[in-house]
Amino acid sequence: MRADIQTLRAVAVALVLLWHAGLPGLAGGYVGVDVFLVVSGFLMTRILLAEITEHGRLDLPRFYLRRARRLLPAAGATVLGVVLITLTLLPSTRWRDVAGDIAASAVYLVNWRFAERSVDYLAADAAPSPLQHFWSLAVEEQFYLVWPVVLALAVVSPVRRGRGSAAARVALVAGVAGTLSLAWSAWLSQADPGRAYLVTTTRVWELALGAVLAALWPRWVARRPGPRAAAVLVLAGLAAVLGSAVVLDAQTAFPGTAALVPTLGTVGVLLGGPFVRPGGVVERGLDLRPARWLGDVSYSLYLWHWPLLVAATAVVGAETLPWAVGLLVLTLTLPVAWLSYRFVEAPFGGRVARAPVRATARALLRPVTGYAVSCAAGVGAVLVALGTLAPGGVASRVPAQAQQVSPAPEVARDDVYAPFYDGCAGLAGTERATVCVDGDVDGDTRVVLVGDSHAVMWMPALAAAGAQRGWRVELVARTSCPAADVIPMAGTDPREDCLDWLGEVTEALAADPPDAVVTAQVPIPRLWVDGEVVRSDDGHPLMAAGMVRTWERLGAAGAPVLTVAPTPRMGADPPECVAEHRDDPVSCGEPLEEALARTWAPVGLALEQAPEVGLLDLTDELCPDGWCPAVDGSTLVWADGNHLSRTRSLELASPLGEALSASLPGRR
């Protein structure tokens, strides 16, 4: 393997690992994945073109056999390791999700599963999967499956023969696909950053960039740059990659056009690497033994580092590891990766001799079947453990009385207001807003609940109250978009679309005013203001002002406006805590003063500025006597750290209905 490619692999995996470990000053270490994708597109396309040049055709079964033997055994071993980590270290609340992640990883579609989870308001607060890093492997494998077929159709098919060189046609096809993908990536990275980071379509251009370089490689070699020019390309390329890792951060819309810097830097290294002066400083720097070793084990190192970081996080009992502990875990990952490379990856990844198609296809079944069996065994083991060892299982050691919690912690995240997630009708006069109708749908009194996931959270209670009192209840909500004239940060993404949504909602309600408007939202700890993130206490006045502006617009047509007091935010994840302490769920609660301090400040400020807005305060119901329990009676109060379970929300229908009734016209 070329020294420059091994060095790129070493740099890429080091950046990703150090970023995952939380090393300060490396907020953009995720660009290591982009380096991998360009290199993969380059190498794969060169292999395919070399076969076309030598044999005049593509032996697709042989190509797939090489990829399967190279990738699947080590991936299968990692999956089994993840199963062991899951069952021994992770709480049972996470087992079912891990089983689903394994199943999605088995068919290399897990990146799409994670993309869907990135827009799920409950999953956004969930701990990361020990297979989270498989998303990039899924992107590569999808490309590996599709690209050879596309290339064969474009280059080898009888219709195409004789119409220009094979390399030119590959460059054209890859260039068109890459251009379309880059344009889509640039748009989606702004419109939906969480999804854009993970889906395949926004990453195809990076693989295509490597493919174009591979197709044009013979022309580049024929021109052969001088050693100085080659050294400049290499050094500038490495500077672009490393500089991106330092300059970019979690707020960068990525991949989009921002990924051009590290990907073009990778191209620079590939263009110059083979032509630097032999024995010179640059050539020696590209051929360092540690870099070659890291390049050799980079795949196994990437596979194992993340599960071990997740395991360490579970052992420490923290949401994130201190970066020094993360570095220690990475150090311990090195021997694990070497063992995986030496005894799993290398023995299966040798050369594949040419053979009849049927023989190759039969040989291909072995690694594919082995990986499928590993994943199936992993899913089966987790599900069997969930049905036997987890609380409520036949072999559970948790006392029966302690198991009688509803919803069970293992399914708490699914205990939500389902109609919203199944899809509601479009709100008349808007393009982005939806409305779910519940309660007494034929009632004469119309109540509209507006807000983010916390409005969805209160909908079971308000709908039940409406059914009891003859109210037509309408939910107009958008996840991660509060009823406030602000741009919230959802994870690492500024949600500028929230302002467009909120503007449509306020205009629609002004045109058709209800009998009452109720808002419910979580105070946003980070806002996007003038291109910068404003955090915590600094954002409270801005959040409060945004709420006041929205209340004024919602009430402009004369409807009374009320807001539900923010729910306390628990410090730990209550379902996970209850799953681990079934016999002592009291220990999973928190003092009201401590939990409410995380959410009350901006709402309190807003109510001081808008005394005409009514407050629906159910804090005493949630946290009686100054204590916020995780379990109230036999009810699990929380679906996660700050959202009520649907079961608990329903139990609050009567007090919520009484509080709202006092503010409605006619006091109904």
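Scroll up to find the structure.
Residues numbered from 1 in each chain as written. Predicted model: local features only at pLDDT ≥ 70, side-chain atom pairs only at ≥ 80, totals over all residues. Heavy atoms only, no water.

### With respect to the side chain of glutamine 6
Heads up, the condition is: The numbering of helices and of strands both runs from the N terminus, where a helix is a DSSP run of H or I of at least 4 residues and a strand a run of E of at least 2. The buried label applies to any residue whose accessible area, calculated with a 1.4 Å probe on protein chains only, is under 20% of its type's maximum; exposed applies above 50%, and partly exposed to all values in between. In the analysis that follows, any N or O atom pair within 3.5 Å is treated as a polar contact, provided that within protein one partner can donate a hydrogen and the other can accept it, and provided that, for residues neighboring in sequence, both atoms belong to side chains. Residues are treated as being in contact if the distance between any of their heavy atoms lies within 4.5 Å.
Along the chain, glutamine 6 turns up in helix H1 (residues 3-21). Glutamine 6 sits in the buried class, given a relative accessible area of 2%. Polar side-chain contacts of glutamine 6 include one of 3.2 Å to the side chain of arginine 9. Those residues in contact with glutamine 6 that sit more than four places away from it in its chain are Met1, Ala291, Arg292, Gly295 and Asp296.

### Things to note about the sheet that holds strand S7 (residues 516-520)
The line we're drawing: Any two strands with at least two DSSP-identified bridges between them are counted as paired. Every axis in this analysis is a line fitted to C-alpha atoms, fitted for helices over the stretch in contact. Angles between the N-to-C directions lie between 0 and 180 degrees.
As summarised here, the arrangement of the 7 strands in space is S1-S2-S4-S3-S7-S10-S12, forming an open sheet in which the pairing is mixed. Of all the strands in the sheet, the pair left with one neighbour each is strand S1 (425-426) and strand S12 (614-616). The sheet contact formed by strand S2 (residues 434-439) and strand S4 (residues 471-477) spans 4 bridges and is antiparallel. Within the sheet, the bridge partner assigned to valine 437 lies in S4 and is glutamate 474. Taken strand by strand, helix H18 (residues 453-469) contacts S2, strand S3 (445-451), S4, S7 and strand S10 (561-564), and its axis lies near 170° from that of S4.

### A few points about the nonpolar core
Heads up, the condition is: Definition of nonpolar core: a set of buried residues of the types Ala, Val, Leu, Ile, Met, Phe, Trp, Tyr and Cys, connected through side-chain atoms within 4.5 Å.
Grouped together as the largest cluster of nonpolar side chains are 116 residues, with contacts concentrated most on Phe42, Ile102, Phe134, Trp147, Leu151, Phe254 and Tyr371. In terms of residues, this core owes the most to one element, helix H2 (residues 31-55), which gives 13 residues. Filtering out sequence-adjacent residues up to four positions away, tryptophan 147 remains in contact with Met44, Thr45, Leu48, Val170, Val173, Ala174 and Ala211. If you look at the next biggest cluster of nonpolar residues, it comprises 40 residues, including Ala455, Met459, Ala463 and Val564.

### Describing unusual backbone geometry
Cis geometry marks the peptide bond from phenylalanine 254 to proline 255; its omega dihedral reads 10°. Its place among the elements puts proline 255 in the loop between helix H10 (227-247) and helix H11 (260-272). The residue after serine 406, namely proline 407, is reached through a cis peptide bond having omega -5°. The topology assignment puts proline 407 in the loop between helix H16 (400-403) and helix H17 (418-422). One non-glycine residue, arginine 224, adopts positive backbone phi at about 45°. By the secondary structure assignment, arginine 224 is in the loop between helix H9 (204-223) and H10. What makes arginine 224 exposed here is its relative accessible area of 55%. At serine 480, a position not held by glycine, the phi torsion is positive, near 70°. Inspection of the secondary structure puts serine 480 in the loop between S4 and strand S5 (489-490).

### A closer look at the pattern of salt bridges
Quick note on the threshold: A pairing counts as a salt bridge when a side-chain nitrogen of Lys or Arg comes within 4 Å of a carboxyl oxygen of Asp or Glu.
Summed over the entire model, instances satisfying the criterion amount to 23 salt bridges. Linking arginine 292 and aspartate 287 is a salt bridge whose minimum nitrogen-to-oxygen distance equals 2.3 Å. When its relative accessible area of 29% is taken as the criterion, arginine 292 is described as partly exposed. Two residues, glutamate 651 and arginine 648, come together in a salt bridge whose shortest N-O distance is 2.9 Å. Residue glutamate 651 and its partner arginine 648 are both found in helix H25 (residues 646-651); the two are separated by 3 residues, about one turn of the helix. For arginine 648, a relative accessible area of 7% corresponds to the buried category. Overlapping salt bridges bring together Arg446, Arg472, Glu474 and Asp512 as one network.

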